[in-house]
Each structure stands twice: as C-alpha cells, then as structure tokens.
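Close look at the chain arrangement
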Amino acid sequence: MGTVTSQPDAIGTTTKRVLLAAPRGYCAGVDRAVVAVEKALDLYGPPVYVRKEIVHNKYVVETLQKRGAIFVDETDEVPEGETVIFSAHGVAPVVHEEAAARQLKTIDATCPLVTKVHHEAKRFAATDYDILLIGHEGHEEVIGTSGEAPKHVTLVDGPDDVPNVTVRDPEKVVWLSQTTLSVDETMETVRRLRERFPHLQDPPSDDICYATQNRQAAVKKLAPEADLMIVVGSRNSSNSVRLVEVAVEHGAKAGYLVDYADEIDDAWLDGVDSVGVSSGASVPEVLVRDVLRWLAERGYGDVHEITTAEESLTFALPRDLRADLKAAGLPTTGTSDHAWTI
C-alpha cells in the first residue's frame, strides 16, 4: 500500500505521490446506522428488514445482505410483526404510521443530525413559516424532511431553482438544507434567495453536517496539487458525488467516483504525478485501502495524508435497540466492523 506520512500543514513536492484526504469515510451517523443493523442481526437473528439502503454505499449494502439483512423500498413489503430498520436518511411521519399499522417492530437509525433538521421543520411550520428546503429532488433525506411539514416546505434544488420559488409572506420565510450538500453551492443558493427575500431567516445551526463540511475542506486543500482526484463512493451518495465536484472546482485536473479499486482506469494515470484520494461519509476504510494498494502497484506508493480536522463525535445506538441489547446482556456500544482506519 505504501508508506503513509502525515502532512497536516504541507503537501510536499515528491513526484508520483498520493495525497490522502483526512477526514474521510465513515461519519458518526453512518457508523451508528450500520452498527444498528449488525447488532440487530446478532440479537434477533436474520432476517432483519431495512427500509431503503441503510446508507448509500454498494459494498455496505451487499455485505449486510450476506449477513441476512433484507432491503425493501416500502414498509408494506415487510411481513407483519417483523423488525424493520429505518435508514440513516430519515423517514416522514407517514412511514412510522404505516409501520405501526402493520405491527412492525421499528428501529429508527436516522442520523441525529438529520433528525435535527426534522425538528427545525416542525418548529418553523408550527409558527406558520414558509420553509425553503435546499436539496436534491427525490433524495430520501429531502422526502423525509418535507414529510414533516408538507404544506410549508418548498424544495429549492440549487441556485438555478431560486427564480421559481414563491412564498406566502416574504417576512416569514426560513431556509433549511439537506445535510450532504456542497457547502459552496448551498451558500450561493442562500445568497440568491436572500436577494429575493431580504428577511430570509437562517436555521438555528448549520444543517450541512460536520462530516460533509470536513471532507469537502480536506479535498479543497489538496485539490490544487492533484492531477487526478479519486473519490471512493457510490453514485447515489450525495456527499460522495459532491466531493468530486468540489475537487474539480478547486483545482484538480480531473476527478472520478468509484465504488471499487478495479473500476479505476489505467488511462486516468497518463501524465499524472499526484493522485488525490478521499471517500464519502458512507464508505468503509477497507475500500480506500484497496485503492491505495492499486495505486502503489502502479508506482504511487508515497502516500501523504493531508489532515484538516480531527473527528471524535459518536452517537448512541437507537434507544429501543439499546434496551433490547441490555436486556440480553450484550454490549450497547461498538463500532462497525468496517469503520477502522489506517
């Protein structure tokens, strides 16, 4: 794989090198959700049903399927009385109602930072604000948040969508956002919204999660020195897609998103001295190691880790799952088998 050298303040000038972004990979919300499925399988035994992909990563989903997790699109696909886990992206209240009607045991693995946005939506709807939700149409997180206050939420899908926005009262309007967006693009969307609605209120705290911001900041730092940027992540992972865009916008000559090392094209390395590597917040480190190994086999064994932040945040497992684990005498904490780092 090559030698990893920590370079928090300087990138260096060695040719044929890898610039490895840190932080990268699993965030606290993803780790919590994946562990929830792993422990549910240990505790209840397979099958355990999961509504939607627990996180947006092909490898994680396939690994959990092999252990006995069954992924479904809707709760009516779960046999009555079985256990269903809601994904990290969150669900609308109607989904909880549907699960209750089918007498399903539910474990809500919604990321607490997504839950925070849900609470904000309910709070502003209760005071009759128009809520401008910045996000991507059709994304599960956006569907879940909008479902908290469907009569008050208007989706704003990027800066170019701003001219289409209408509100009832320009003095009672607030913006919220999907947690996995590009920070720069979101701020540009807010700027344009504020030009139209000068009284636009900000959310009580940042909606774009710490992990998304930290991974984008690390990529921004190394991108100007990268001839090629490889981001490990799945195509339905919003934060992974954004990392490629951020890299190219901030100086990387080219950028690609891959699920696995064997998806990398040798032709991408033509004329390339520096390869930047990062991974989305739902990507286990084992996949990054595979990419580093693949690059080392082609002469890119000098790895410099570029660190822009340290992360220590963890989230407790969902309450009902913790209670069942405790009753069974099993540990109520832990890290996913695939969350380890180099």
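Nothing here was measured: the structure is a model prediction, and the numbers come from that model. Within each chain, residues carry numbers counting from 1 in the order of the written sequence. Owing to the predicted nature of the model, reporting of local features is limited to residues with pLDDT of at least 70; listing and counting of side-chain atom pairs is limited to 80 or more, with chain, interface and lining totals taken over all residues. The basis for every side-chain value is the complete set of heavy atoms in the structure, and neither hydrogens nor water enter the calculation.

1. Details of the packing of helix 1 (residues 28–44) against helix 2 (residues 58–67)
Test applied: Axis angles are defined between N-to-C directions and span 0 to 180 degrees, where every axis is a line fitted to C-alpha atoms and, for a helix, only to the segment in contact. We count a stretch as a helix when DSSP gives it H or I for four or more residues in a row; a strand needs E for two or more, and each element gets its number in order from the N terminus. Should an angle lie under 35 degrees it is considered roughly parallel, over 145 roughly antiparallel, and from 65 to 115 roughly perpendicular; all remaining angles are considered oblique. In what follows, a contact means two residues having at least one pair of non-hydrogen atoms within 4.5 Å. The classification used treats Ala, Val, Leu, Ile, Met, Phe, Trp, Tyr, Cys and Pro as nonpolar, Asp, Glu, Lys and Arg as charged, and all other residues, Gly among them, as polar.
Remark: helix 1 packs on helix 2, axes separated minimally by 11 Å, with the N-to-C direction vectors making an angle of 5°. One element, helix 1, and the other, helix 2, form an angle in the roughly parallel class. On helix 2, the residues touching Val34, Val37, Glu38, Leu41 and Asp42 of helix 1 are Val60, Leu64 and Arg67. Residue classes in the contact of helix 1 with helix 2 are distributed as five nonpolar, no polar and three charged.

2. Some remarks on the packing of helix 7 (residues 210–222) against helix 8 (residues 238–249)
As a reminder of what qualifies: By definition, turning the near helix anticlockwise from the far helix through less than a right angle yields a left-handed crossing, and turning it clockwise yields a right-handed one.
Axis separation between helix 7 and helix 8 bottoms out at 9 Å; the angle between their running directions is 25°. Taken together, the axis directions place helix 7 and helix 8 in an arrangement best described as roughly parallel. As helix 7 packs across helix 8, the resulting crossing turns out to be right-handed. Together, Thr212, Arg215, Gln216, Val219 and Lys220 of helix 7 and Asn239, Arg242, Leu243, Val246 and Ala247 of helix 8 make up the contact between the two elements. Across the contact of helix 7 with helix 8, the residue classes tally to four nonpolar, three polar and three charged.

3. Quick look at the pattern of salt bridges
Two side chains carrying opposite charge are able to pair once their charged atoms lie near each other. Rules: A pair is scored as a salt bridge if a Lys or Arg side-chain nitrogen falls within 4 Å of a carboxyl oxygen belonging to Asp or Glu. The rule is simple: take the accessible area with a 1.4 Å probe, protein chains only, and divide by the maximum for that residue type; under 20% is buried, over 50% is exposed, in between is partly exposed.
Enumeration over the complete set of coordinates arrives at 23 salt bridges. A salt bridge links Arg192 to Asp160; the shortest N-O distance between them is 3.4 Å. Of this pair, Arg192 sits in helix 6 (residues 183–196) while Asp160 sits in the loop between strand 8 (153–156) and strand 9 (173–177), and the two are 32 residues apart along the sequence. Residue class for Arg192 comes out partly exposed when judged on its relative accessible area of 29%. Salt-bridge contacts for Glu188 lead to Arg191; the nearest nitrogen and oxygen are separated by 2.7 Å. Residue Glu188 and its partner Arg191 are located together in helix 6, separated by three residues, close to a single helical turn. Note on Arg191: relative accessible area 42%, which makes it partly exposed.

4. Quick word on the environment of Asp202
Note the following rule: Counting of polar contacts relies on pairs of N or O atoms within 3.5 Å, with two restrictions inside protein: one atom must be capable of donating a hydrogen and the other of accepting it, and residues adjacent in sequence are counted only when both atoms are side-chain atoms.
Structurally, Asp202 can be placed in the loop between helix 6 and helix 7. Sequence separation between Asp202 and Trp175 is 27 residues; the distance between their C-alpha atoms is 5.9 Å. Leave out the neighbours within four places in its chain, and Asp202 touches Val174, Trp175 and Arg194. In this structure the side chain of Asp202 is engaged in a polar contact, spanning 2.7 Å, whose partner is the side chain of Trp175. Within the structure, the side chain of Asp202 is placed 2.8 Å from the side chain of Arg194, a separation counted as a polar contact.

5. Some thoughts on the domain arrangement of the chain
Put simply, the test is: Each domain span listed reflects an automatic or database assignment of domains. When two parts are put together, the accessible area they lose, computed with a 1.4 Å probe and summed over both, is reported as buried area.
One can read the domain layout of the chain as domain 1 (17–25 + 210–307), domain 2 (28–111 + 313–328) and domain 3 (113–196). Relative to domain 3, the C-alpha centre of domain 2 lies at a distance of 27 Å. Facing the 13 residues of domain 2 at the interface are eleven residues of domain 3. Of the roughly 870 Å² buried between domain 2 and domain 3 on both sides combined, carbon and sulfur atoms contribute 59%. Scanning the region where domain 2 abuts domain 3 turns up zero salt bridges. The tally of links between domain 2 and domain 3 comes to five residue pairs in polar contact (both at pLDDT 80 or more). A class-by-class count of the residues in the side of domain 2 that touches domain 3 yields six nonpolar, five polar and two charged.

6. Section: the UniProt feature "binding site: [4Fe-4S] cluster" (unreviewed entry) in the chain
Our working definition: UniProt positions are given in the numbering used here, feature names are shortened, and annotations may be inferred rather than shown by experiment.
Residues annotated by UniProt as "binding site: [4Fe-4S] cluster" (unreviewed entry) correspond here to Cys27, Cys111 and Cys209. The largest pairwise C-alpha distance within this set of annotated residues, which runs over 183 residues, is 10.1 Å, so the set is compact in three dimensions. With respect to the secondary-structure elements, Cys27 resides in the loop between strand 2 (17–22) and helix 1. Owing to a relative accessible area of 11%, Cys27 belongs among the buried residues under this scheme. Not counting the four nearest positions on each side in its chain, Cys27 is found in contact with Tyr210, Ala211, Arg215 and Ala281. Since its relative accessible area comes to 9%, Cys209 is described here as buried. Filtering out sequence-adjacent residues up to four positions away, Cys209 remains in contact with Leu113 and Thr179.

7. Considerations on the pairing of strand 2
Counted only if it meets this: Strand pairing requires that DSSP identify at least two bridges connecting the strands.
Buried residues dominate strand 2, accounting for six of its six residues. Note: strand 2 against strand 13 (residues 302–307), six bridges, orientation parallel. Residue pairing for strand 13: Arg17 is matched across the bridge by Asp302.

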